[in-house]
Every structure is written in C-alpha cells, then in structure tokens.
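Listed below are the residues making up each chain.
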Amino acid sequence: MMHAELRRETVADAEIVCFDVFDTLLDRTFLRPTDVFTLTRHRVNADGRYWLDAGWTDARIAAEAACYTAPGIGPDITLDDIYDRLTRTLRMTEAMREAVQAAEVATELSVLSATRRGRRLYDLAVESGARIFIVSDMYLPPSAIAAALERAGYAGWERLIVSGHDKVAKHDGTAFRMLRAEFPDARIVHIGDNALSDVEMPRRAGLDAVHLPAGAAAVAPDSALPCDALARISANDRHTHLEFGWSLIGGLTARAVDRTAHDPASDIGYAVLGPLLVGFSQWLHTSARDRGVERLSFLAREGRLLQRAYQELFGEAAIPSDYVYASRRMINLAGIHSPMTPSELDFLVATGAPLRVSEYVTRFLRDLSPEHIEAAARSVGLRSSSVVGPEEGARIRQVFRNLQPDILEVAALEREPVIAYLRSVDLHLPTTAVVDVGWQGSIQSSLRRLVNPDLEGFYFGIHPTEKTLGAPWQHGFVDGRVAAAAEWHRECILPGIEVIEMLFGNHDDASVATVVRDGDGFAPVFTDERMGEEDAEVIRVAQSAALRFVRDFSEAAATMPPSVTQLSLDVALAFLGELVLHPTAQQARLLGGLMHDNSLGVTSSPLAMPRRGRRYYRWHGMALERELSRAWWKAGFLKNVEAGHSSRR
C-alpha cells in the first residue's frame, strides 16, 4: 500500500488526475452495494402505488448479471439494459418500470456521501491545478453520477467517463488506453480502491496509479474492529432483514473508519456497543409504549448510558424519563424488615470474590465497631479478619443473623428518605417503569415492595431463574426465559456478562449507598465503588463512540422506511457475540485489562488478563487452568495468552 505522503506527491506532480467514484470519492451507507436494491423495494412498497415482493433484490441482481454476458449488450451495460430485462422477466408495466427505475436512482443518490480519504486527494488535485477526470465502471447514467458528485461537493472536474455510456471501462483497461492515446505525453495518475481495475489496469496502460483502500478494508486485521464479521457480511449473498441490518451497521462502521480518528476503545464502542444501544432503545420504546408506560426511570449507574442513547435515538418522540439514583445496597437494604428473609440474607452475603468477614459487614454497616463485628464472627467460629469465599455463605449468613438488630436499625433510618425520594421521581405511579441492565431484577422487586406493587421493569437482559420465571412484570431485550432469546442468553450474555457490564458502566459516578434529605430535595451518598481513572477513560471513549453510532444510525434511518431500520436481536447482538466468543487480540488486550468488581466495592480483578507470558504457561499447564477458571471473561483470557499479553508486560 502506498504511503500517504507518497500518494500526495504523486497527485501533486500529475497534469491529469483521474478518480474512481464508488468507494473512492463516494461511499454508501451500506457495506454491500446490493442493499440499495432492497431499500428501493421498501421505498416503492411504502409509496403504495406498486408492490415488489421479497425476491426483488435477487431478481435485480440476476438481471444485471445476465446483461453483463448478453451478446450485443455486455459487458459495459446501462441501467436501461437491466430494466429492459426485468420488464420482460417480471412482466412489469411500462409505468411500473419507470417508477421503480427512478426509485432506484433516487435511492442510490440518497445513500451516497463524500469520503474523507477521497476528498483530501481531490482537493489536493484541485489545489495543484491538475485537470480532473472522473472514470467509473457503472451502469448508472452519467447525469445521476454527476448529480451525486455535485451533492457531495465535488466541483471543478472536467470530464466524466462512464462505462455503460461511453463503452470504455477500467476493468479491461480500455478507458485508460483511450486516455493515454488522447494525452500521450501527459503525466496522468488514476486513484481508486480496486487493486485490479484501479491500479493494475492503469499501470498497464502507462498511467501512474494510487491505491486507496475503502473503509474497513484499510484497517489492520488485528484491530479492535470485528473485521472477520465485516468480511462475512460483504461476502453474504442473502438479502433478508438480517443481512440488511448487518450491512447497514457495517456501512456506518466503514464510514466511521474513514471519517474519524479511531483507536481500540472507539472501535469497540462504535461497532459493538453502538448497535446494542440502538437495538435495545428501539425495543424499549415499542415495549414501553405497548404497555402504556408514560415515564421511564433509568436506574443508576448503568442507566445513564441507556438513557442518553434512548434520548439520542428518539429525540422529542422519546417517553419522558429520569435518571434515578438506585443501587442494590440502597434499595434492598431499605426494604429489609424483621425477620430477615432468605432472599434478603442472599443479598447481604452476595459476592463474586472471597472477602474478610469485616468486609462483608461494613459494606452495609459502615459505622459498626470492630469489636461488635469480631463478636458476631466469633459466635460462628470465625474472626473478623477471616477470609470467606462465596461457597461458604452459610457461615456468613449466621453472622448477619447475629447482627440483625443492627441491620434493621440502619434499614429503618434509611427507609424514609429513600421512599420519599423514589416518590419524588414518580416511581409510585402505575404508569412509571424502571429501566436497567438487568439480570434478575432484584432492585425492581424491592421497589415493588417499597413504593409500587405494580411497577414494570425493562432490562437489557434477564436470567431465567426461579425468581424471574415467576415475574411477568419483568421484560428483557435478551430474555433468557423466552425461547427466541435463550440461545443468545446462553451463548453471549452468560460468557460475556462482565464485559457487557463494563461497556455499560458509569465512568463518572461512584455507586450510591443511599440518599438523604437536602433542603427541599435529596442528595446521594456515594460509596467508594467506582472505576479507576484509566478504566474510566477507556469506557468514556467507547461510550462516546457508541453514542456517535446512535446519531449516525438515526440520521441514516431518517431517510428510510421505519420497517427496514428496526434492529432485531440477531442483528443488534451480532458483533457483541463475535467479541465475547471470538475476540481479536486488540479487543482482548484492551478489555481484558479492565478491573471488574463483583463484591459491592471491596475488591476487583482484571476481566481477562493472564499474570504471566505465553512461554510460562507452556510448562505450567496447571497454573494456566487455575487462572482460566478464575477469569471473568474466558475467551478474552485465552486470546491474551495466545497473543502473549499479560499483566507483567
């Protein structure tokens, strides 16, 4: 690939600069050009005068392919040639043919915009005083291509050569040989994305050539973008709603690569987290409206990102919403009454890592004296400094039973301001619903007991557990209780739950312990549980890119019928599934080093970062197995081992 500075020198020295059009000066919203035909079908059908069935795209592709090899027509064909064949094979009326053909041209123009890489070299050619020619192997009429260039701001070009109209082409070199014959002594350089027709063929004709790879193709294969998935989308020849959605995501991603500076965090945010936020927001809006919800309460802390994405996507049409301070500690503790129930004890002892007895207790009773904790621990044969793992929960339960009067006292003190705060944000009203990342809806269950027995909840994901199976008031985008989502839950959510929580994480706020009255309002009391500065910066960059995807998607969707822009579960989660199960080395390195806390703020450990290098594990298989069993994200851990990444490097 030619270095950027050498490209500029080559263009600046040329007397005539020829540009390819598609994927060089202009790119499409879609990764696959054929999705223009699918969008054309939906636009025609939405207009209502004519109807194109689901086989339209395949028929359109087949007609074009047949024209290329038809005697007396191909290989340099026109759009009229294609629609002549379609009219015969599909028995279209002349009026229908004219309407659909015009719709295709209009659709093509609507999804085209200027590339940054092409614009830079085009502007350089203009500044250098070179004559500018446009050369395209295309069936569209020259007037349509000229209109597309004009809309994109390309002015000052002198000549437009289109294969279908001029019967000379790039693919066989005839266009370049014609130019060389016409300008035998001129320094001519051609710029384009195709290695054969834009590089090899002009060089054979005696022209210089600059290769300008398109979008995602210009990205190194070991980047944090899901390059393998993008390649599979491009090669996929099916044209269902799934492929259309994937192509739209891929096209927007390729545009982002071209138009913005990118790094591993922004790559993951744009291509992985962005589609998740769009799909979830669309599902949330429809599901909440269908159930008569008039206000949404996005629960801290992950609700911050979910609310921003939802508002970004729907704007003025969004259901009114609030960002509500809430946490398991705040809501569940305020809901504890005497005697403590088994589920309340489960909450008090919950942890994903071994903790000291004192750490279990001070998560909830911060002001309890060390002597008091020591006495409660000794009553069950422990010390306050004893380290107890999740598997020994029965002994910690007994500690909390011994501390029940203290628990109840704190719960009673916190309950009144907590309930008053929740009522102040309308959580007691039957038309208000909560929104959160989810899993088992324990906060919602406590809220139903505290302020609203009819409270509905909408979640990114729900685990199919004994608690949730009997909770029809909980609704999930990735609902493990529902057959249609069970595979995604099992194959993507469960092995990647910690990755998902990190991507949705709040990089600004600490976890809230409770709320207190503050004048006429309320103020949150935060714990020490928050992201470290380095981790917070990674997530900040990723989420900023994800919200940029939401904006780009919204802008693109505004030009399309709503029926084609709804991202189903299979579309929205595709790149997440790729990351969770088959991460690239860059994805594993970036996310694997983030610190995950599953202990309510006591301790944290890397998501998926090996302690030692690859060579060490070749001779210490038991150590590898032991670390793998403790890793939160196992596919990421194995990829880091394979790539030689470790916490010691």
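Preceding this paragraph is the structure being described.
Residues numbered from 1 in each chain as written. Predicted model: local features only at pLDDT ≥ 70, side-chain atom pairs only at ≥ 80, totals over all residues. Heavy atoms only, no water.

Further remarks concern the sheet that holds strand β1 (residues 16-19). Across the sheet, 5 strands lie side by side as β5-β4-β1-β6-β7; this open sheet has parallel pairing. Two strands in the sheet have a free side with no partner beyond their single neighbour: β5 (159-162) and β7 (208-211). For this sheet the average axis-to-axis angle between neighbouring strands, irrespective of direction, equals 20°. One ladder, built from 4 bridges, connects β1 with strand β4 (residues 131-136); its direction is parallel. (Pairing = 2+ DSSP bridges. Helix = DSSP H or I, 4+ residues; strand = E, 2+ residues; numbered from the N terminus. Axes fitted to C-alpha atoms, helices over the stretch in contact; angles between N-to-C directions.)

One pass over the full model with this rule turns up 36 salt bridges. Taking the shortest distance from any N to any O, the salt bridge between Glu359 and Arg356 comes out at 3.3 Å. The exposure class of Glu359 is partly exposed, given its relative accessible area of 21%. Among the residues examined, Arg356 registers a relative accessible area of 41% and is labelled partly exposed. Each of the salt bridges in this network shares a partner with another, and the network as a whole consists of Asp27, Arg117, Arg255, Asp258 and Arg259. (Salt bridge = Lys/Arg side-chain N within 4 Å of Asp/Glu carboxyl O. Buried < 20%, exposed > 50% of the residue type's maximum accessible area, 1.4 Å probe, protein only.)

This brings us to the nonpolar core. Ranked by internal contacts, the top residues of the largest apolar core, which has 142 residues, are Phe19, Leu296 and Phe460. Looking at which element gives the most residues to this core, the answer is helix α13 (residues 264-290), with 13 residues. Beyond its immediate chain neighbours, meaning those up to four positions away, Phe19 contacts Leu25, Gly118, Leu121, Tyr122, Ala125, Ile132, Phe133, Ile134, Val135, His190 and Ile191. Among the nonpolar cores identified, the runner-up in size contains 27 residues, and Ile336, Val357, Ala376 and Val380 belong to it. (Core = buried A, V, L, I, M, F, W, Y, C linked by side-chain atoms within 4.5 Å. Contact = heavy atoms within 4.5 Å.)

Glancing now at helix α20 (residues 404-424). In a regular helix each residue adds 1.5 Å, so 21 residues correspond to 30 Å; α20 covers 30 Å between its end C-alpha atoms and thus fits that length. Along its length, α20 reaches its greatest deviation from straightness, about 35°, at Arg415, and the proline Pro417 lies no more than four positions downstream. Among the residues of α20, Asp406, Ile407, Leu408, Ala411, Glu414, Arg415, Pro417, Val418, Ala420, Tyr421 and Leu422 are the ones counted as buried. (Expected span 1.5 Å × (residues − 1). Bend = angle between axes of the 7 residues up to and from the residue.)

Most of strand β6 (residues 188-192) is tucked away: 5 of the 5 residues are buried. Residues Ile188, His190 and Gly192 of β6 are buried on one face, and the alternating residues Val189 and Ile191, pointing to the opposite face, are buried as well. As judged from the 4 bridges shared by β1 and β6, these two strands associate in the parallel manner. Opposite Cys18, over in β6, you have His190 as the bridge partner.

Here we come to the sheet that holds strand β8 (residues 295-299). Pairing between the strands of a sheet comes from backbone hydrogen bonds, and it takes one of two forms, parallel or antiparallel. Strand order in the open sheet formed by 5 strands is β9-β8-β12-β13-β14, with parallel pairing between adjacent strands. The sheet terminates laterally at β9 (321-324) and β14 (474-479), the two strands that pair on one side only. Taken over all neighbouring pairs, the strand axes of this sheet differ in orientation by 25° on average, direction set aside. As defined by bridge partners, β8 adjoins β9 across 4 bridges and the pair is classed as parallel.

As a further point, take unusual backbone geometry. Cis geometry marks the peptide bond from Ala300 to Arg301; its omega dihedral reads 0°. The residue Arg301 is located in the loop between β8 and α14 (303-314) in this model.

Attention shifts here to the environment of Arg32. Inspection of the secondary structure puts Arg32 in the loop between β2 (26-28) and α2 (35-47). Residue classification places Arg32 among the buried residues on the basis of a relative accessible area of 4%. In the structure, Arg32 is positioned 211 residues away from Glu243 in sequence and 9.4 Å away in space, judged by C-alpha atoms. When sequence neighbours within four positions are dropped, the list of residues in contact with Arg32 reads Ile233, Ser234, Asn236, Asp237, Arg238, His239, Glu243, Phe244 and Ser247. Among the polar contacts listed, one links the side chain of Arg32 to the backbone oxygen of Asn236, at a separation of 2.5 Å. At 2.8 Å, the side chain of Arg32 forms a polar contact with the backbone oxygen of Arg238. (Polar contact = N/O pair within 3.5 Å; in protein donor to acceptor, adjacent residues only side chain to side chain.)

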